[in-house]
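Structural overview
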Amino acid sequence: NMTPQIDVMIGDRVLQTNMKNISAGGVLIQTREKIETGKNVKMVFSLPGTEKPLKLDGRVVRSTENGVAVEFKEVSPYFTGILDESIWSD
C-alpha cells in the first residue's frame, strides 16, 4: 500500500515526506526533524480518488523522534467526505 506523500511548508522551507496516518482532525508525518510545537504550517497532499491536491493549514501539536503530529485548522465538509471515502488507512 502506497504511503501518501505530503509537502509541509514551515516558514520558507518545504519538507517533503510521507504521512504515517491521517484523520479528519490531523495528520502524522514521518520526519526526524524537530519542528516546534505550536508552529503554523501549510500542507499539500493528495488522497486516493481526488483529482487535485488538497491544501490545508495546520498547527504542530506534537513532535517525537519518529514523527510530527499536525492538527488541521479548519476542515471543510468536502474534505471530511473525501476522508470517509478514502481507501487509505494504516
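In what follows, the accompanying structure is described. (Residues numbered from 1 in each chain as written. Predicted model: local features only at pLDDT ≥ 70, side-chain atom pairs only at ≥ 80, totals over all residues. Heavy atoms only, no water.)

Turning to the overall build of the chain, a few remarks are in order. Looking only at helices and strands, the chain has one helix and six strands in total. Its helices and strands in sequence order give the chain the pattern β-β-β-β-β-β-α, from N to C terminus. The dimensions of the chain, computed from C-alpha atoms along their principal axes, are 30 × 25 × 20 Å. Residue pairs in contact within the chain that sit at least 24 positions apart in sequence constitute 51% of those at least 6 positions apart. Of the roughly 5800 Å² that the chain leaves accessible, carbon and sulfur atoms contribute 47%. If the 11 positive side-chain charges of the chain are averaged to one point and the 12 negative ones to another, these points end up 5 Å apart. (Helix = DSSP H or I, 4+ residues; strand = E, 2+ residues; numbered from the N terminus. Contact = heavy atoms within 4.5 Å. Areas by Shrake-Rupley, 256 points an atom, 1.4 Å probe, with all protein chains shown as cover. Lys, Arg positive; Asp, Glu negative; His and termini not counted. Charge placed at Lys NZ, Arg CZ, Asp CG, Glu CD.)

Our focus in this paragraph is the sheet that holds strand 4 (residues 40-45). If you walk around this closed barrel you meet the six strands as 1-2-3-6-5-4, and the pairing is antiparallel. Taken over all neighbouring pairs, the strand axes of this sheet differ in orientation by 45° on average, direction set aside. Of the strand pairs in this sheet, strand 4 and strand 5 (residues 54-64) are connected by six bridges, and their pairing is antiparallel. Note on strand 5: the bridge partner recorded for Lys 42 is Asp 57. (Pairing = 2+ DSSP bridges. Axes fitted to C-alpha atoms, helices over the stretch in contact; angles between N-to-C directions.)

Time to look at the pairing of strand 4. Side chains Val 41, Met 43 and Phe 45 of strand 4 all project onto a buried face; the interleaved residues Asn 40, Lys 42 and Val 44 project onto a face where none is buried. As paired elements, strand 1 (residues 5-10) and strand 4 share four bridges and run antiparallel to each other. Counterpart to Ile 6 in the pairing with strand 4 is Phe 45. (Buried < 20%, exposed > 50% of the residue type's maximum accessible area, 1.4 Å probe, protein only.)

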